[in-house]
Each structure stands twice: as C-alpha cells, then as structure tokens.
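Remarks on the overall topology
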Amino acid sequence: MTKSNRQQEAGGSEAGPDPGLAPRLQEFESAVREIGATGGRANPERTGARLGLTLLVAGSLVALAGMLWRRGDIGASGANDLLTEIVSAGNGAIFVALGLAIALVGGLVWLRNSLTRYLRHWLIRLIYEDRANTDRIVEELRRKRHE
Amino acid sequence: MTRGDADSSRARVGPVAPVLELHGVRAGYGQIEVLHGVDLSVAAGEVLALFGPNGAGKTTTLGVCSGQIRPSAGSVRLMGTMVNGARPHALARAGVCLIPEGRGIFPNLTVRENLRMATYSGVAYARVEERAFEQFPRLAERRTQLAGTLSGGEQQMLAISRGLATDPALLLLDELSMGLAPMIVAELYERVGEMAAAGLSILIVEQFAQSVLGVADRAAVMLGGRVQQVGEPESIAAALGGAYLDGH
C-alpha cells in the first residue's frame, strides 16, 4: 500500500492516528508513564565499577589509618580534640572495622558491575558465534543440496 | 469513516504529543560519541524514514529509542513522557518494537518456535500465529522449518510478524531492505504501508531512499551523528546523493 493510497483511505487527511488507534495510544501513554524512568546514566556498570573501586581503596586507607592509630603511631594522648581522644582511648579498632566494611562493600559493588559487563560481553559473543555457526551450517546444507 | 468522525475521535483523546521525540540526544559506545545532538520526532500514525550512509548513527539512534543505549545528554520522550534510562524490556512491554538489522531471529529455532518467543508479552500463541500467517501466508508453509534456513525475505517476514505480535504502538525498523531482492523489498514495504494505515507510528532506517519513498510521510537525512535535513521524502531523496557525497 502506497502513501497516497493510505492517505485516501484516511479520508485524504494529514498523516495522523487512525481513529481506531486512539485507545491504543492512550494505553501506550499510560504504559510509558508507568515506567517511571529516572533519567539513568550512560554506561551505568562502568560508573558502578568505578564507584566500587573508589570505595575499596578509600575503605582500605581508612582501615590502614585505623591500624596505625591503634598502634599509637599517630595521635598522642592528652590532646584536646575529639578524634585524638577516641584514638587515645584505643578506639582505632572502630576505624579499622569501618574501613574494612567500606572496602568490603566497595569490593562487592566493583565485582557485581565488572561481572555484569563481562557476562554481557560474553553473552553477545556467544550469540554472534552461534549465528556464524548456523550460517556456516546452512551454507553447507545449501551447497550439498546443489551438488 | 468521514473526516468529521476522525476529527471527533481525535478530539476525545485531546492534542496528541509526538509518539517519539528526541531532543539534543548525545550517545555513543564507551568513550566514543556517535550521536552529537539528534533532534527528531515521529507523530502518531506517521512513517518517518531516516536515511544516512554507514556510520551516520542511524542504528545508534534506534538503539537509543529502544532503550538499549542510554543517552549521555538530551531527552528521549514517548507521548511526551521522558524515558531516558528506561530499560529496553520496559519500553518493549509498553509498546516500542525494534526489528534490528540482521532480523534478530533465532536461527536454530523453527518458525513456530520463533513466533512462540513473542508470547512473552502475554499474547496467546494462537493469536500470534493467526496474525503472522494472515500477513505472511508464506510463513505458514514454513512453520516447521528452521528459521536460519529461510530465505532473507522470509526471515524478515518472520521478524516483522514476531514484532507485530506484541501489538506495538511504535515500530522501529532497521535496514529492512538489506540484502534482499527489490521485489521482496517492495512486498515488505507493502505490508509496512498497511501497518501504517492501521495507525502504527513507524521509524524506518534505510541507506537507500528508493525503497521507502512509497510509504514514508516524512524523511530525514543523518550525517556524522546529526540530523541534517528533514522534509518531504521526494525532496530529501533528490538531495540525498549530494548530501552523501558532500558529507553535510
């Protein structure tokens, strides 16, 4: 069916929805609204992997600092500020635990996002190879049929 | 139906926003930006043909429209609602259907099994099969054949049937004519014309204008990741050769 035929069928009007489609468009509109897209980000896995890596490094640093404080290498007792007080009281362990927790979460975030990227790549690769294989089989079948 | 009937029907739904609207869309793959600010819209029931040479960003544009590629800037709107960042499956379920270049069928499955894959959206298989075989009777004769062993045209018919089974509101067609004989292309575009007549909004991506001229309401030329020209299909087709050669 050509464009001109279509326009004739539509009563010669400008291209627009077939009146019968209006309910479908309404359905489409409400379905799109229900998606509630938040804007998202381009390449979210890469962002996630970077965030995870940052947390991993930051957490490790906090844990390391906590260990040093615990050993008394940093800070001295008798100081007035709160941080030094805590350290002096031997609570450097809190920083160690906090740092390890951050590092653990960061590691998990990094692992999750890296794996997603890798598995996606793997899946796509498999699909392409599968198609290439099928094409080869089909080609071979055709060749044999012609022989 | 008279024009008055059509007008009153439209009045019930009120002013309709474009089914698809891209504004200043930038997108790409990793560090490589392919789209440098694409502006495009498809009205309800309209067929828009998007032309451009290899590497112009046509397929990437379809990827953005279908949610497979997230834009780094700009907005993608469906019926006036911004859908940046929406998941592809959510858009597909809502009514956006992409028929990709290379058809995207499962070559190791039979025609029937491929059609069965379309029932994910809750459509009964009998209905899917009925629609598919009504539109493309040739598929009925091939129902038990492996999809990979079909001819290029039949594979494209299968891909279209599977897409339409989901009752889409917006159809995105990527290089429908690729690798097909002109007669088959004409037959396929005949069907596309019928879909458009039924009110479906369609964005067609093609490298060569001739095959689409009969069905497109408007056409656009894309070069270097930007839409360079939008207008009547005939005038765009006439300017196409020069645009490809000049690169602007």
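Analysis parameters
- Residues numbered from 1 in each chain as written.
- Chains lettered and ligands numbered in written order.
- Predicted model: local features only at pLDDT ≥ 70, side-chain atom pairs only at ≥ 80, totals over all residues.
- Heavy atoms only, no water.
- Helix = DSSP H or I, 4+ residues; strand = E, 2+ residues; numbered from the N terminus.
- Buried < 20%, exposed > 50% of the residue type's maximum accessible area, 1.4 Å probe, protein only.
- Contact = heavy atoms within 4.5 Å.
- Areas by Shrake-Rupley, 256 points an atom, 1.4 Å probe, with all protein chains shown as cover.
- 1 Å grid on protein atoms, 1.4 Å probe; cavity = no way out; pocket = protein on both sides within 12 Å on 5 of 7 lines; lining within 4 Å.
- Points joined across faces, edges and corners; volume = space filled by probe spheres on them.
- Pairing = 2+ DSSP bridges.
- Axes fitted to C-alpha atoms, helices over the stretch in contact; angles between N-to-C directions.
- Parallel < 35°, antiparallel > 145°, perpendicular 65-115°, else oblique.
- Left-handed = near helix turned anticlockwise from the far one by under 90°.
- Nonpolar A, V, L, I, M, F, W, Y, C, P; charged D, E, K, R; others polar.
- Polar contact = N/O pair within 3.5 Å; in protein donor to acceptor, adjacent residues only side chain to side chain.
- pLDDT = per-residue confidence, 0-100.
- Expected span 1.5 Å × (residues − 1).

Once that is clear, we can look at the overall build of chain A. What chain A contains, in helices and strands, is five helices and zero strands. Helices and strands in chain A line up, N terminus first, as α-α-α-α-α. In chain A, buried positions account for 22% of the 147 residues. In chain A, the proportion of contacts linking residues at least 24 apart, taken out of those at least 6 apart, comes to 69%. Split by element, the accessible area of chain A, about 10200 Å² in all, is 60% carbon and sulfur.

One turn of an α-helix holds 3.6 residues; hence residues three or four places apart share an orientation. Residues and elements named next belong to chain B. When you tally the buried positions in helix α2 (residues 58-65), you get seven out of eight residues, the bulk of the element. Listed in full, the buried residues belonging to α2 are Lys58, Thr60, Thr61, Leu62, Gly63, Val64 and Cys65. Among the residues trailing α2, Gly67 stands out with phi positive, at a value near 85°.

Here we take up the layout of surface pockets. Here the idea is plain: a probe the size of a water molecule rolls over the atoms and shows the empty space left. Residue and element names in this part refer to chain B. When its volume is computed, the second largest pocket comes out at roughly 370 Å³. The set of elements that each furnish at least two residues to the lining of the second largest pocket consists of α5 (125-135) and α8 (182-197). A per-element tally of the lining of the second largest pocket places α5 first, with four residues.

Before going further, it helps to spend a moment on the sheet that holds strand β8 (residues 201-206) of chain B. Residue and element names in this part refer to chain B. Spatial ordering of the open sheet is given by β6-β7-β8-β3-β9-β10, a layout of six strands whose pairing is mixed. Both outer strands of the open sheet, β6 (96-99) and β10 (226-231), are each paired with one neighbouring strand and no more. On average, adjacent strands in this sheet sit at an angle of 20° to one another, irrespective of strand direction. Of the pairings in the sheet, the one linking strand β3 (residues 47-51) to strand β9 (residues 218-223) comprises four bridges and is parallel in character.

Residue and element names in this part refer to chain B. Note: strand β1 (residues 20-29) against strand β4 (residues 73-78), five bridges, orientation antiparallel. Within β4, the residue paired with His23 across the bridge is Ser75. By the bridge criterion, two bridges tie β4 to strand β5 (residues 81-82) in an arrangement that is antiparallel. When the bridges of β5 are listed, Leu78 appears paired with Thr81. Counting the residues between successive antiparallel strands, the hairpin from β4 to β5 contains two residues, one of them, Met79, with a positive phi of roughly 50°.

Quick look at the environment of Ala219(B) now. Residue and element names in this part refer to chain B. Inspection of the secondary structure assignment puts Ala219 in strand β9. Judged by relative accessible area, Ala219 falls into the buried class, the value being 0%. Each C-alpha atom, one on Ala219 and one on Val47, is 8.4 Å from the other, the two residues being 172 residues apart in sequence. When neighbours within four sequence positions are excluded, Ala219 is seen to be in contact with Leu48, Ala49, Phe51, Gln229, Val230, Gly231, Pro233 and Ile236.

Bringing the packing of helix α3 (residues 44-70) of chain A against helix α5 (residues 92-146) of chain A into the picture now. All names here are of chain A. In contact at an axis separation of 6 Å, α3 and α5 are set at 160° when each is read in the N-to-C sense. Accordingly, the angle class assigned to the pair α3 and α5 is roughly antiparallel. Crossing geometry of α3 relative to α5 is assigned as left-handed. Broken down by class, the residue content of the contact of α3 with α5 amounts to 17 nonpolar, 12 polar and five charged.

Right, let's get into the side chain of Lys58(B). Residue and element names in this part refer to chain B. If you trace the backbone, Lys58 turns up in helix α2. Assessed through its relative accessible area of 4%, Lys58 is described here as buried. Side-chain polar atoms of Lys58 contact the backbone oxygen of Gly52, separated by 2.7 Å. From its side chain, Lys58 meets the backbone oxygen of Pro53 in a polar contact 3.0 Å long.

Turning to the confidence of the model for chain B, a few remarks are in order. Mean pLDDT over chain B: 84, with 90% of residues reaching 70 or higher. Long-range and interchain partners of residues 1-14 of chain B, a stretch whose pLDDT sits below 50, account for 12 contacts in this model, where long-range means more than four residues apart.

Here the focus is the sheet that holds strand β2 (residues 32-42) of chain B. Residues and elements named next belong to chain B. Spatially, the four strands line up as an open sheet ordered β2-β1-β4-β5, and their pairing is antiparallel. One side of each edge strand has no neighbouring strand; the edge strands of this open sheet are β2 and β5. Along the sheet, α2 contacts β1, β2 and β4; its crossing angle with β1, the most-contacted strand, is approximately 115°.

The subject of this paragraph is α8(B). Residues and elements named next belong to chain B. For α8, spanning 16 residues, the distance from its first C-alpha to its last is 22 Å, which sits close to the expected 22 Å at 1.5 Å a residue. All of the buried residues along α8 are Ile184, Val185, Leu188, Tyr189, Arg191, Val192, Gly193, Met195 and Ala196. One or two residues past the end of α8 sits Gly199, with phi positive at roughly 105°.

Our next topic: the packing of helix α7 (residues 152-164) of chain B against α8(B). Residues and elements named next belong to chain B. Where α7 meets α8, the closest approach of the two axes is 10 Å, and the angle between their N-to-C directions is 15°. Judged on the interaxial angle alone, α8 and α7 are roughly parallel. The element α7 and its partner α8 pack so that their crossing is right-handed. From α7, Gly153, Gln156, Met157, Ile160 and Leu164 reach across to α8, where they touch Ile184, Glu187, Leu188 and Met195. Class assignment for the residues of the contact of α7 with α8 results in six nonpolar, two polar and one charged.

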